[in-house]
Amino acid sequence: MRNALVSAALAALLALIADVRHSAAQFAPFFPPTPQTLAPSNTPPADKAERIRTAPHRSTKARRKHETVRPPPNQRKVAEKNGYKRVSDLVNFPKFFPGLGIIFVKPDTLPLGPFLCFDRRDRLVATVYMVPNKDIDDHKSLEGAGSAAPVDHVSLYFNAGHPGVDVPHYHVVLWHVTKNQESRVAK
């Protein structure tokens with residue numbers, strides 16, 4: 001088994017460093033170059049006073065294209081344009097909730113959500129679904145909008161109810177940041 005692993009590792013290493021160009025191209029520096037011949041021109045010969053420019057004039061400084069680096073769009077503003085409202089504007093709820101941050105939801109998707117959680121710099125840190133216990137007990141099939149942001153880890157915990165979702169429910173939290181970065185919404 002060990003020999004097979006060593007052989008596989010060596011084969012992978014060789015594949016990484018091998019030159020995979022066509023074999024004739026590998027020896028190209030050793031072959032004499034073939035002379036280039038130009039097709040005959042049908043234009044009359046130029047006067048001696050007239051100069052023929054063969055290549056465009058280039059300044060000594062290299063011209064560089066300036067690329068504009070734009071910052072990513074403000075995710076909170078994008079959510080608001082898509083119909084999300086701040087939960088604190090809809091119900092009696094704090095503007096910043098420790099542990100989840102500033103929470104937005106589309107009112108017509110209550111109670112399930114998704115609820116979008118932002119830090120104080122308008123960066124999306126989590127997406128929360130609030131699944132009522134009754135729906136779980138009734139074995140109800142649930143569908144919510146997906147998240148385009150990558151998910152780092154998931155938390156699941158019970159909540160007895162709060163303004164906006166008064167019934168007992170579970171929070172399914174899709175974290176888009178690492179566990180260490182969760183502190184962005186701690187205070």
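All of these numbers come straight from a predicted model, not from anything done at the bench.

Conventions adopted
Residues numbered from 1 in each chain as written. Predicted model: local features only at pLDDT ≥ 70, side-chain atom pairs only at ≥ 80, totals over all residues. Heavy atoms only, no water. Helix = DSSP H or I, 4+ residues; strand = E, 2+ residues; numbered from the N terminus. Polar contact = N/O pair within 3.5 Å; in protein donor to acceptor, adjacent residues only side chain to side chain. Contact = heavy atoms within 4.5 Å. Pairing = 2+ DSSP bridges. pLDDT = per-residue confidence, 0-100. Phe/Tyr/Trp six-rings, centres within 6.5 Å; stacked < 30°, edge-to-face > 60°. Buried < 20%, exposed > 50% of the residue type's maximum accessible area, 1.4 Å probe, protein only. Salt bridge = Lys/Arg side-chain N within 4 Å of Asp/Glu carboxyl O. Core = buried A, V, L, I, M, F, W, Y, C linked by side-chain atoms within 4.5 Å.

**Some thoughts on the side chain of Asp122**
Inference 1: Relative to the assigned elements, Asp122 resides in the loop between strand E3 (115-118) and strand E4 (124-132).
Inference 2: Reaching out from Asp122, the side chain makes a polar contact with the side chain of Asn74 at a distance of 3.2 Å.
Inference 3: Setting aside residues up to four positions removed in sequence, Asp122 forms contacts with Asn74, Gln75 and Arg76.

**Considerations on the sheet that holds strand E5 (residues 153-159)**
Inference 1: A sheet is described by the order of its strands in space; here six strands give the open sequence E1-E2-E3-E4-E6-E5, paired in antiparallel fashion. The two strands at the open ends of the sheet, each matched to only one other strand, are strand E1 (85-86) and E5.

**Quick look at the environment of Gly164**
Inference 1: With respect to the helices and strands, the residue Gly164 is situated in the loop between E5 and strand E6 (169-175).
Inference 2: For Gly164 and Leu110, which are 54 residues apart along the polypeptide, the C-alpha to C-alpha distance reads 8.0 Å.

**A word on unusual backbone geometry**
Inference 1: Pro111 follows Leu110 through a cis peptide bond whose omega is 0°.
Inference 2: If you trace the backbone, Pro111 turns up in the loop between strand E2 (102-105) and E3.
Inference 3: For Asp122, which is not glycine, the phi dihedral falls at a positive 65°.

**Side note on the confidence of the model for the protein**
Inference 1: In the predicted model, the protein carries a mean pLDDT of 77, and the fraction of residues at 70 or more is 65%.
Inference 2: Per-element mean pLDDT across the protein ranges from 47 in helix H2 (residues 23-26) up to 95 in E1.
Inference 3: Predicted confidence for residues 13-18 stays below pLDDT 50, and this span has zero contacts to residues more than four positions away or in other chains.
Inference 4: Long-range and interchain partners of residues 20-28, a stretch whose pLDDT sits below 50, account for three contacts in this model, where long-range means more than four residues apart.

**Examining the packing of aromatic side chains**
Inference 1: Within this structure, the stated rule accounts for three aromatic pairs.
Inference 2: On the numbers, 5.5 Å between centres and 85° between planes, the contact of Phe104 with Phe118 is edge-to-face. Here Phe104 is found in strand E2, whereas its partner Phe118 is found in strand E3, with 14 residues between them in sequence.
Inference 3: Residue classification places Phe118 among the buried residues on the basis of a relative accessible area of 1%.

**Considerations on the pattern of salt bridges**
Inference 1: The full count for this structure, using the stated rule, is four salt bridges.
Inference 2: The salt bridge involving Glu80 is made with Arg76; its shortest N-O contact spans 2.8 Å. On the criterion of helical spacing, the pair formed by Glu80 and Arg76 is a turn pair, its members being four residues apart in helix H3 (residues 75-81).

**Quick notes on the environment of Pro150**
Inference 1: Residue position: Pro150 is located in the loop between helix H5 (133-137) and E5.
Inference 2: For Pro150, a relative accessible area of 68% corresponds to the exposed category.
Inference 3: Separated by 25 residues in the primary sequence, Pro150 and Trp175 place their C-alpha atoms 8.5 Å from one another.
Inference 4: Every residue in contact with Pro150, bar those within four places of it in the chain, is listed here: Trp175 and His176.

**Digging into the nonpolar core**
Inference 1: In terms of nonpolar packing, the biggest core is built from 24 residues, with Leu100, Ile103, Phe115, Leu116, Cys117, Val128 and Trp175 touching the most fellow members.
Inference 2: If you list the elements that add at least two residues to this core, you get E2, E3, E4 and E6.
Inference 3: Here this core takes five residues from E4, the largest share from any one element.
Inference 4: With near-sequence residues (within four places) excluded, Val128 lies in contact with Leu100, Leu112, Pro114, Phe115, Cys117, His171, Val172 and Val173.

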